[in-house]
Amino acid sequence: MNDTVPPLQYFFRNRRILRAILIDDQPWFLLHDFTRLIGYPHTERLINRLDSDQTCEASLRLHSNSEPAEHSLISESGAYAALIYYNHPENGTLRCWINHTVVPLLRSAGDSGLQSPRQLQLNWGRQALKVLDWRGELWVNFHEVPYLAGEAGRRMGEGWRQLVRRLRGGE
């Protein structure tokens, strides 16, 4: 792994935090956060069950005013393996969340090319919105517009769907 470690990214699911980082273009998760998220408190047992390339130690600064300290990390493949080893009904949706939200956002944040679009997640309160950052402009999925407009937008939700169909040439 590189000596220079990028800053941690923060993700929230069911009021629990999952801190993640992109090292050498590979997603890594704080093992402590991941085991809390899956409800498995035995981090040492998990480390022993995984292959040596699926876990590592890294010196990370968890808070901006804290000193760097050694923390255990679990790789993306290690996270998926742990979800299989410790089968729980919630793990299927957790895998989808990691696969479709966390990993793309991590990779987009690590992309330094200004010409390629990047996925971002805007967080406020307990809500999150996925947007696309392209050439300095934020783009929102058209289906999210009624939710952004608040209660009036939710009431207009069906009208938005009809408008989308017309724009696509479906009506």
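Residues numbered from 1 in each chain as written. Predicted model: local features only at pLDDT ≥ 70, side-chain atom pairs only at ≥ 80, totals over all residues. Heavy atoms only, no water.

**A few points about the confidence of the model for the protein**
On average, residues of the protein score 79 in pLDDT, and 74% of them reach the 70 mark or higher. Predicted confidence in the protein is weakest over helix α6 (residues 151–155), with a mean pLDDT of 56, and strongest over helix α3 (residues 76–85), with 93. (pLDDT = per-residue confidence, 0-100. Helix = DSSP H or I, 4+ residues; strand = E, 2+ residues; numbered from the N terminus.)

**Quick notes on the pattern of salt bridges**
Note that side chains of opposite charge can pair when their charged atoms are close. Under the defined criterion, the tally for this structure stands at 3 salt bridges. Taking the shortest distance from any N to any O, the salt bridge between Arg19 and Asp33 comes out at 2.6 Å. Residue Arg19 is found in strand β2 (residues 16–23), and its partner Asp33 is found in helix α1 (residues 31–38); the two are separated by 14 residues along the sequence. Residue classification places Asp33 among the buried positions, given a relative accessible area of 2%. For the salt bridge of Glu76 with Arg107, the shortest nitrogen-to-oxygen distance reads 3.5 Å. One end of the pair, Glu76, is in helix α3; the other, Arg107, is in helix α4 (residues 91–110), and 31 residues separate them in sequence. Using a relative accessible area of 32% as the deciding quantity, one classes Arg107 as partly exposed. (Salt bridge = Lys/Arg side-chain N within 4 Å of Asp/Glu carboxyl O. Buried < 20%, exposed > 50% of the residue type's maximum accessible area, 1.4 Å probe, protein only.)

**With respect to the packing of aromatic side chains**
One pass over the full model with this rule turns up 2 aromatic pairs. Centroid distance Tyr85 to Tyr86: 6.4 Å. Interplanar angle 80°. Geometry classified as edge-to-face. Residue Tyr85 is classed as partly exposed on the basis of its relative accessible area of 34%. Given a relative accessible area of 18%, Tyr86 falls into the buried group. Here the aromatic residues Tyr40, Tyr85 and Tyr86 are joined through ring pairs into a cluster of three or more. One residue, Arg49, lies across the ring of Tyr85, its end atom 4.1 Å from the ring centre. (Phe/Tyr/Trp six-rings, centres within 6.5 Å; stacked < 30°, edge-to-face > 60°. Lys NZ or Arg CZ within 6 Å of the ring centre and 35° of its normal.)

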